[in-house]
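# Fold and geometry: a report
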Amino acid sequence: MAALKIGFIGLGNMGGPMAANLAKAGHEVAGYDVAGTTAKGVSTADSIAAAVTGADVVITMLPNGSILRQVAAEAIGQMRAGALFIDCSTVDVESARNTSEAAENAGLLAVDAPVSGGVGGAEGGTLTFMAGGSESAFAAAEPLFDIMGQKAVHCGDAGAGQAAKICNNMILGATMIATCEAFALADKLGLDRQRMFDVVSTSSGYSWSMNAYCPAPGVGLKSPADNGYKPGFAAELMLKDLGLSQQAAELVDADTPMGARALEIYKTFVEDEDGKGRDFSAMLPRLAGRGRSD
Ligand code: NAD
């Protein structure tokens, strides 16, 4: 494809390597981050306006929905009609819909496209994108998803990408807790962890948490448990995504009892215990070290 002029806003742990991969693929990328962060091959803009003026595409990778709304309000007004606005941050569904609507009202194409795959996926260009927006917006964004990732799914209209992301991560949070509490129970019943894995990973209790990301050190595929529970996927990011899932559930009056309980458990783990800075699978040592009344 012809080289595009891309404005990239938010060059943090994820945005930095994503912007660098776009530059490496031959696009002309101007980056802006309020913290002054830079990325390889990316020219540094000193304001949002400088990054987005004249751009064919603007990509944002920001911490949350309220920052996205602020940045989008500034960026959208400076972008040329027909340009493409892609938000890759994980935000609440309402902020995603609101941002897409504002972009479309200004004559832009818009896609909400949160990712999974973490920092390793951002660096390696192997992210999965879950996208919401019109067919034409998705088609325009797809070649860029192919550079930054290995898979992009068009999930539906504006906000559908965020909906897919938080539903997936609500399942992940709940199944990780279930897997960890089962290991903790197995320990107390005198069942060897390897035997427990051998049975569950090939039985009806299997899940991604058990089979691909086993929370027990030395058991199953290599995972953060084998590296002292260094993230990986940090417990505080799981807490953020569970919070978004419950915010969305309230918005549409969905009954999500497991998601609600998972949120409470990760909140306590991160805010009152030793979960901050640890992988979300460190739920296993937390549960294994306690009794029913702790
Ligand atoms: P990060 O905190 O490392 O990066 C966010 C960047 O945005 C920071 O560099 C910050 O300075 C910048 N920023 C904040 N306000 C700004 C503003 N007004 N203008 C310009 N820049 C601004 O976070 P991250 O880990 O890169 O995550 C980014 C997003 O991706 C989040 O929404 C997160 O939930 C999501 N995500 C992260 C991971 C992961 O493993 N880190 C995985 C999937 C999704």
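Above this text is the structure in question.
Right, let's walk through the structure included here. (Residues numbered from 1 in each chain as written. Predicted model: local features only at pLDDT ≥ 70, side-chain atom pairs only at ≥ 80, totals over all residues. Heavy atoms only, no water.)

Turning our eyes to something else, we now look at the packing of aromatic side chains. With the rule as written, the count across this model stands at seven aromatic pairs. Between Phe138 and Phe145, the aromatic rings sit 6.1 Å apart at their centres with planes inclined by 45 degrees, giving tilted as the arrangement. Using a relative accessible area of 1% as the deciding quantity, one classes Phe145 as buried. Between Tyr213 and Phe280, the aromatic rings sit 5.5 Å apart at their centres with planes inclined by 45 degrees, giving tilted as the arrangement. Of this pair, Tyr213 sits in the loop between helix H9 (208-211) and helix H10 (235-252) while Phe280 sits in the loop between helix H11 (257-271) and helix H12 (283-288), placing them 67 residues apart in sequence. With respect to burial, Tyr213 and Phe280 carry one shared label: buried. Connected via pairs of aromatic rings, a cluster forms that spans Trp208, Tyr213, Phe233, Tyr266, Phe269 and Phe280. (Phe/Tyr/Trp six-rings, centres within 6.5 Å; stacked < 30°, edge-to-face > 60°. Buried < 20%, exposed > 50% of the residue type's maximum accessible area, 1.4 Å probe, protein only. Helix = DSSP H or I, 4+ residues; strand = E, 2+ residues; numbered from the N terminus.)

Attention shifts here to the site of the ligand. Taken together, the neighbourhood of the ligand is formed by 22 residues, with Asn13, Met14, Asp33, Leu62 and Lys240 sitting nearest. A distance of 3.3 Å separates a nitrogen atom of the ligand from a polar backbone atom of Val34. Notes on the ligand: free accessible area 820 Å², of which the protein chains cover 83%. With respect to the pocket detection grid, the ligand is positioned in the largest pocket. Of all the elements in the fold, those that place two or more residues in the shell around the ligand are helix H3 (65-78), helix H5 (118-124) and H10. For the shell around the ligand, a count of residues per class yields 13 nonpolar, six polar and three charged. (Near = heavy atom within 4 Å. Polar contact = N/O pair within 3.5 Å; in protein donor to acceptor, adjacent residues only side chain to side chain. Areas by Shrake-Rupley, 256 points an atom, 1.4 Å probe, with all protein chains shown as cover. 1 Å grid on protein atoms, 1.4 Å probe; cavity = no way out; pocket = protein on both sides within 12 Å on 5 of 7 lines; lining within 4 Å. Sits in = over half its atoms within 2 Å of the grid points. Nonpolar A, V, L, I, M, F, W, Y, C, P; charged D, E, K, R; others polar.)

On to the nonpolar core. Residues Tyr266, Phe280 and Met283 are the most contacted members of the largest nonpolar core, which totals 34 residues. Examining the composition of this core, we find that eight residues originate from one element, helix H7 (residues 160-188), more than from any other. The residues contacting Phe280, other than those within four sequence positions of it, are Leu172, Met176, Tyr213, Phe233, Ala234, Ala235, Met238 and Tyr266. Within the second largest apolar cluster, 31 residues are counted, among which are Ile6, Met14, Ala141 and Phe145. (Core = buried A, V, L, I, M, F, W, Y, C linked by side-chain atoms within 4.5 Å. Contact = heavy atoms within 4.5 Å.)

Moving on to helix H8 (residues 193-200). Within H8, burial applies to Met196, Phe197 and Val200. Each buried residue of H8 lies within a common arc of 100 degrees when the element is viewed along its axis, so the set occupies one face. Those residues of H8 that are exposed and angled more than 90 degrees off the buried face are Arg195 and Val199. Packing partners of the buried residues in H8 comprise H7 and H9. Its side-chain oxygen at 3.1 Å from the backbone nitrogen of Gln194, Asp192 defines the N-terminal cap of H8. (Arc of directions from axis to C-beta.)

Next up on the list: the side chain of Ser89. For Ser89, the location among the structural elements is in the loop between strand S5 (84-87) and helix H4 (93-105). On the basis of relative accessibility, which here comes to 1%, the residue Ser89 falls in the buried class. A distance of 2.8 Å separates a polar side-chain atom of Ser89 from the backbone nitrogen of Leu62. Engagement of the side chain of Ser89 in a polar contact is seen with the side chain of Asp87, the distance being 2.6 Å. Those residues in contact with Ser89, other than ones at most four positions away along the chain, are Thr60, Met61, Leu62, Pro114 and Gln162.

Read these as spatial facts, not as claims about activity.
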